[in-house]
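If you want the building blocks of each chain, they are given just below.
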2 protein chains.
Amino acid sequence: MTDVAAFSFNKLVIFGVGLIGGSLARALRERGEVEGARKVIGVGRSPASSARAQALGVIDGAAALNDDTALREALRGADFVLLAAPVAQTQPLLERIAPYLDTATIVTDAGSTKSDVVGAARAALGARIGQFVPGHPIAGRESSGVDAALPDLYVSRNVVLCPLSENAPEAVERVAAMWRATGALVREMTPEQHDRVFASVSHLPHVLSFALVEQILNSPDAALKFSFAAGGFRDFTRIAASSPEMWRDVCVANRAALLDELDAYTDVLARLRSAIEAADGAALEAVFARSRLALTEWQEQRAAGLARSDAPK
Amino acid sequence: MTDVAAFSFNKLVIFGVGLIGGSLARALRERGEVEGARKVIGVGRSPASSARAQALGVIDGAAALNDDTALREALRGADFVLLAAPVAQTQPLLERIAPYLDTATIVTDAGSTKSDVVGAARAALGARIGQFVPGHPIAGRESSGVDAALPDLYVSRNVVLCPLSENAPEAVERVAAMWRATGALVREMTPEQHDRVFASVSHLPHVLSFALVEQILNSPDAALKFSFAAGGFRDFTRIAASSPEMWRDVCVANRAALLDELDAYTDVLARLRSAIEAADGAALEAVFARSRLALTEWQEQRAAGLARSDAPK
């Protein structure tokens, strides 16, 4: 990880200093050997959130989104802008930022979907789209908000960048270096690849988990069922306690890829239904055994990957 | 929990000394003030497992299932028999046991399904069905086998009993007292209620989780998808690494209730699909918010329940 020492910045402006934005700020200020003035400015709608982020020492200063003068000042001379707000706000945020954006500033984001974000960025930035390098850090915690921000949230986590043909290679490398300075592993994909992969391993499981809770709530004996739900149910539904607003936006923003995955899933479920109805134990066991083997291998690879990243650098 | 001191037994015979049977044995021998000779005999197919259980001190003695003389001796004068083998083995096991069963011995089980188990018990025991009190302890761990057995596995956990009209109330109370002596909370349901509730909160989530892994494995970019799967995926699929044999049996044994729940689930999923396709954010958010609220309340009730049970007795 020799790249850690190579990263330097003077000013980073974060729109939405919650768990994701706050953890980036803390990582860049508290970890490794990041150089430069390392000033971090938070911009948000809520003065209380900004005050809290400042009180925690996560940011050096704050600007209100609706204050033209403060926003212009915040963005002047910024190396980086990070959008860490819900994806549906990408276009209005970029339209708000565009008039004050220095030509040398690199804008990136932390959105869970990418095709729609790229579309929003093209609409808002027009010919300046090359300044926008789409990104998605794959990290989270059960708690949210700036109080949950951690300097090591991104250690050994994947950060996906989806470079555009208009991006200068140096701009992409600068964003990659920023994330590597947090301990993250940077990987590149196209927006379409990204959206298909995360529709499958993240967005669909959320929908499936929400759907189970909804089904139980719709049943006449919901209270009885909940009273016997145990550890397996708790794990399966943990993601169905996620932010309704965020997942509403993700489902809508990535609906094309999500519907493809959902339809493929429904086909698999129909096959399992037939096997259950036919009491075809052999067919069921074959599917279940394949699943267990794949998960065991995945968990071993994950453990090995995390162990490697934790090794001395 | 004054019932703890009231429980006494001389001999318990466990068919299948793994996590579930082994934890009952350890609880009755290591916890609380259980009285009597407290002898526990394990019966199984594998001499190695029995030897391991004996070496760990979980059981006092062992008998091989195919040894008539040893089996007769093991069952002579037993207060209790626990069946802790896969549910599909209920009928052959009871047929094997029946010739040696004392009229005073109470038989119970730990199967995850109950209607089929009751049917199997009626077929095997005939007029002696009153000796069989169906049960299901709702407890588990990620690891299985007798090495994973714990004396406190059942503390604050639900144990469901499904008494039959043929059971003497004293027999049901004896089984309830045995489970209460482990720290468990005993609740009664009919076999049909039990199967509907667990089809909903346990069996269906397992099928849904297995189906997601199967779908990914069937896709051309499975390796790429797994390489980006993170914490939400891990929680959602934890139960899809469960025993293929056990879940094959459960799905087949409880297929009527499971198919009902699966069809109701498919309807909910179709409604969510329509909302996603129509980009109906308000409809999605309403479902997601209901889910989060219900889970938050459930977790609070769970935490309160566990805290109460942990209070001094």
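Nothing here was measured: the structure is a model prediction, and the numbers come from that model.

*Asks:* Help me understand the pattern of salt bridges, please; the structure alone is not making it clear to me.
*Replies:* Between side chains of opposite charge, a pair can form when the charged atoms approach closely. In this structure the tally under the stated criterion is 42 salt bridges over all chains. In this structure, Arg238(A) and Asp235(B) form a salt bridge, with 2.9 Å as the shortest nitrogen-oxygen distance. In this pair, Arg238(A) sits in the loop between helix H10 (231-237) and helix H11 (244-253) while Asp235(B) sits in helix H10 (residues 231-237), so the two residues belong to two different chains. Classification of Arg238(A) as partly exposed rests on a relative accessible area of 23%. Between Asp263(A) and Arg273(B) there is a salt bridge; the shortest N-O distance is 2.7 Å. Of the two residues, Asp263(A) sits in helix H12 (residues 255-277) while Arg273(B) sits in helix H12 (residues 255-277), which places them in two different chains. Looking at Arg273(B), the relative accessible area reads 22%, which means it is partly exposed. Several salt bridges share partner residues, and in doing so they unite Arg234(A), Asp235(A), Arg238(A), Arg234(B), Asp235(B) and Arg238(B) into one network.

*Asks:* Teacher, can you tell me more about the sheet that holds strand E1 (residues 11-15) of chain B here?
*Replies:* Paired through backbone hydrogen bonds, the strands of a sheet run either parallel or antiparallel to each other. All names here are of chain B. Ordered in space as E3-E2-E1-E4-E5-E6, the six strands form an open sheet in which the pairing is parallel. In the strand order of this sheet, the two ends are held by strand E3 (61-64) and strand E6 (132-133), each with one partner. When E1 meets strand E4 (residues 80-83), the two strands line up parallel, connected through four bridges. Among the inter-strand pairings, Phe15 is bridged to a residue of E4, identified as Leu83. Along the sheet, helix H7 (residues 169-180) makes contact with E4, strand E5 (106-109) and E6, crossing E5 at roughly 55 degrees.

*Asks:* Explain the domain arrangement of chain A here, please?
*Replies:* Often, the extent of an interface is quoted as the loss of accessible area upon association of its parts. Residues and elements named next belong to chain A. In terms of domain boundaries, chain A breaks down into domain 1 (3-189) and domain 2 (194-278). Taking only C-alpha atoms into account, the centre of domain 1 sits 31 Å from that of domain 2. Facing 14 residues of domain 1, the contacting portion of domain 2 comprises eleven residues. In this assembly, domain 1 packs against domain 2 so that about 970 Å² is buried in total across both faces, 68% of it on carbon and sulfur atoms. For domain 1, the biggest contributors to the area lost against domain 2 are Ser112, Thr113 and Met189; these three give 41% of the whole. Where domain 1 touches domain 2, the interface holds zero salt bridges.

*Asks:* Where do I start with the pairing of strand E8 (residues 158-161) of chain A in this structure?
*Replies:* Looking down a regular strand, the side chains alternate between one sheet face and the other. Residues and elements named next belong to chain A. Taking every second residue as pointing to the same face, both faces of E8 are buried, with Asn158 and Val160 on one and Val159 and Leu161 on the other. With three bridges joining them, strand E7 (residues 135-137) and E8 adopt antiparallel strand pairing. Bridging from a neighbouring strand, His136 pairs with Val160 of E8. With four bridges connecting them, E8 and strand E9 (residues 185-188) associate as parallel partners. Looking at the pairing, Asn158 lines up with Leu185 of E9. Regarding the hand of the β-α-β motif, the stretch spanning E8, helix H7 (residues 169-180) and E9 is right-handed.

*Asks:* I tried to follow the relation of the copies chain B and chain A on my own but got confused; where do I start?
*Replies:* For the pair of chain copies, the relating transformation is a rotation about an axis with a translation along it. Taken as rigid bodies, chain B and chain A are interconverted by a rotation of 180 degrees and an axial shift of 0.0 Å, the fit giving an RMSD of 0.0 Å. The superposition of one copy onto the other is thereby described by a two-fold rotation axis. Within chain B, Phe236(B) has its C-alpha nearest the rotation axis, a separation of 2.1 Å. Both copies contact each other with a shared surface, as 99% of the interface residues of chain B are interface residues in chain A too.

*Asks:* How should I be thinking about the packing of helix H6 (residues 115-125) of chain A against helix H8 (residues 191-218) of chain A in this particular structure?
*Replies:* Two numbers describe a pair of packed helices, the interaxial angle and the distance between the axes. All names here are of chain A. One can describe the packing of H6 onto H8 by two numbers: an axis separation of 8 Å at closest approach and a directional angle of 140 degrees. Here H8 runs oblique to H6, going by the angle between their axes. Residues Ser115, Asp116 and Val118 of H6 form the contact with H8, whose own contacting residues are Pro191, Glu192 and Asp195. When grouped by side-chain class, the residues that make up the contact of H6 with H8 number two nonpolar, one polar and three charged.

*Asks:* Would you mind going over the packing of aromatic side chains with me for this structure?
*Replies:* Given two aromatic rings, their pairing is described by the distance between the two centres and the angle made by the two planes. One pass over the structure, following the stated rule, counts 15 aromatic pairs over all chains. The interplanar angle of 80 degrees and the centroid separation of 5.0 Å between the aromatic rings of Tyr154(A) and Trp179(A) together place this pair among those described as edge-to-face. Separated by 25 residues along the polypeptide, Tyr154(A) in the loop between E7 and E8 and Trp179(A) in helix H7 bring together distant segments of the chain. This pair shows no difference in class: Tyr154(A) is buried, exactly as Trp179(A) is. For the pair Phe233(A) and Trp298(B), a centre-to-centre distance of 5.0 Å together with 85 degrees between the ring planes defines the contact as edge-to-face. With Phe233(A) in helix H10 and Trp298(B) in helix H13 (residues 281-310), this pair bridges two chains. Both residues of the pair, Phe233(A) and Trp298(B), count as buried.

*Asks:* I keep staring at the interface of chain B and chain A and nothing clicks. Help me out?
*Replies:* Taken together, the contact between chain B and chain A spans 82 residues of the former and 81 residues of the latter. Approximately 8,000 Å² of surface area, both sides summed, lies buried where chain B meets chain A, with 68% of it carried by carbon and sulfur atoms. Seen at the junction of chain B and chain A, the total is 14 salt bridges. Across the pair Glu214(A) and Arg271(B) runs a salt bridge, and its minimum N-O distance is 3.7 Å. Connecting chain B to chain A are 24 residue pairs in polar contact (both at pLDDT 80 or more).

*Asks:* Help me understand the packing of H8(A) against H12(B), please; the structure alone is not making it clear to me.
*Replies:* For the pair H8(A) and H12(B), the least separation of the axes is 9 Å and the interaxial angle reads 120 degrees. It follows from the interaxial angle that H8(A) and H12(B) lie oblique. Pair H8(A) / H12(B) crosses with right-handed handedness. Contacts between H8(A) and H12(B) involve Val207(A), Leu208(A), Ala211(A), Leu212(A), Glu214(A), Gln215(A) and Asn218(A) from the former and Glu261(B), Ala264(B), Tyr265(B), Val268(B), Leu269(B), Arg271(B), Leu272(B) and Ile276(B) from the latter.

*Asks:* So what exactly am I meant to see when it comes to unusual backbone geometry here?
*Replies:* Note: most residues except glycine have negative phi, and most peptide bonds are trans. Unlike most non-glycine residues, Ala279(A) shows phi in positive territory, near 50 degrees. You can see Ala279(A) is positioned in the loop between H12 and helix H13 (281-310). You will see that Arg38(B), though not glycine, has its phi angle at about 55 degrees, which is positive. Among the structural elements, Arg38(B) can be located in the loop between helix H2 (19-30) and strand E2 (39-44).

*Asks:* Before we go on, may I ask you to explain helix H8 (residues 191-218) of chain B in this structure?
*Replies:* Three or four residues apart is the spacing at which side chains of an α-helix point the same way, because the helix has 3.6 residues per turn. Maximal helix bending in H8(B) amounts to about 50 degrees, located at Ala199(B). A large share of H8(B) lies buried, amounting to 23 of its 28 residues.

What counts, and at which threshold
Residues numbered from 1 in each chain as written. Chains lettered and ligands numbered in written order. Predicted model: local features only at pLDDT ≥ 70, side-chain atom pairs only at ≥ 80, totals over all residues. Heavy atoms only, no water. Salt bridge = Lys/Arg side-chain N within 4 Å of Asp/Glu carboxyl O. Helix = DSSP H or I, 4+ residues; strand = E, 2+ residues; numbered from the N terminus. Buried < 20%, exposed > 50% of the residue type's maximum accessible area, 1.4 Å probe, protein only. Pairing = 2+ DSSP bridges. Contact = heavy atoms within 4.5 Å. Axes fitted to C-alpha atoms, helices over the stretch in contact; angles between N-to-C directions. Domains from an automatic or database assignment. Buried area = accessible area lost by both parts, 1.4 Å probe. Right-handed = clockwise from strand over helix to strand, strands pointing away. Least-squares fit on C-alpha atoms with pLDDT ≥ 70 in both. Parallel < 35°, antiparallel > 145°, perpendicular 65-115°, else oblique. Nonpolar A, V, L, I, M, F, W, Y, C, P; charged D, E, K, R; others polar. Phe/Tyr/Trp six-rings, centres within 6.5 Å; stacked < 30°, edge-to-face > 60°. Polar contact = N/O pair within 3.5 Å; in protein donor to acceptor, adjacent residues only side chain to side chain. Left-handed = near helix turned anticlockwise from the far one by under 90°. Bend = angle between axes of the 7 residues up to and from the residue.

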